[in-house]
Amino acid sequence: MNDAKAPAITFELDGDYIPLCDLLKFCQITDSGGAAKHLVADGRVRVDGRVELRKACKIRAGQVVTGDGYTIRVV
């Protein structure tokens, strides 16, 4: 799932966390929250190397979200 050649997106967190679907939408991985939910539900998103199926999973600083063609590093 992780494409090592894809450029990493660095996302600067403003608060304690961001829900996974919101992160995917904000970083323009998907066009909408609904599309982000489908991506997660289909098992096509990994958080710190593990498949994540919880759409509202709290993503915190230091975590890495990956999928087909993208890597998001949360700082």
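For the structure, check the block above.
Residues numbered from 1 in each chain as written. Predicted model: local features only at pLDDT ≥ 70, side-chain atom pairs only at ≥ 80, totals over all residues. Heavy atoms only, no water.

1. Notes on the overall build of the protein chain
Moving on, step 1. Looking only at helices and strands, one finds two helices and seven strands in the protein chain.
Moving on, step 2. Helices and strands appear in the protein chain in the N-to-C order β-β-α-α-β-β-β-β-β.
Moving on, step 3. For a compact globule of 75 residues, the expected C-alpha radius of gyration is about 11 Å, and the protein chain comes in at 11 Å, within 12% of that figure.
Moving on, step 4. Seen through its C-alpha atoms, the protein chain measures out along the principal axes to roughly 25 × 25 × 20 Å.
Moving on, step 5. Each of the 75 residues in the protein chain was classed as buried or not, and the buried ones make up 36%.
Moving on, step 6. Put simply, the protein chain shows about 4,700 Å² of open surface, and 46% of that area lies on carbon and sulfur atoms.
Moving on, step 7. The centroid of the 11 positive side-chain charges in the protein chain is displaced by 5 Å from the centroid of its 10 negative side-chain charges. (Helix = DSSP H or I, 4+ residues; strand = E, 2+ residues; numbered from the N terminus. Rg over C-alpha atoms; globule rule 2.2 N^0.38 Å. Buried < 20%, exposed > 50% of the residue type's maximum accessible area, 1.4 Å probe, protein only. Areas by Shrake-Rupley, 256 points an atom, 1.4 Å probe, with all protein chains shown as cover. Lys, Arg positive; Asp, Glu negative; His and termini not counted. Charge placed at Lys NZ, Arg CZ, Asp CG, Glu CD.)

2. Comments concerning the environment of Arg 60
Moving on, step 1. Examined against the element boundaries, Arg 60 turns out to sit in the loop between strand S5 (58-59) and strand S6 (64-67).
Moving on, step 2. For the pair Arg 60 and Asp 22, spaced 38 residues apart in sequence, the C-alpha to C-alpha distance is 13 Å.

3. Overview of the pattern of salt bridges
Moving on, step 1. Per the stated rule, a full pass over the model turns up one salt bridge.
Moving on, step 2. For Glu 52, the salt bridge is made with Arg 54, and the minimal N-O distance between the two is 2.8 Å. (Salt bridge = Lys/Arg side-chain N within 4 Å of Asp/Glu carboxyl O.)

4. So, the side chain of Gln 63
Moving on, step 1. With respect to the helices, strands and loops of the structure, Gln 63 is situated in the loop between S5 and S6.
Moving on, step 2. Gln 63 sits in the buried class, given a relative accessible area of 18%.
Moving on, step 3. Within the local environment of Gln 63, its side chain forms a polar contact with the backbone nitrogen of Arg 60, the two atoms lying 2.8 Å apart.
Moving on, step 4. The residues touching Gln 63, leaving out its near neighbours within four places in the chain, are Val 47, Asp 48, Lys 58, Ile 72, Arg 73 and Val 74. (Polar contact = N/O pair within 3.5 Å; in protein donor to acceptor, adjacent residues only side chain to side chain. Contact = heavy atoms within 4.5 Å.)

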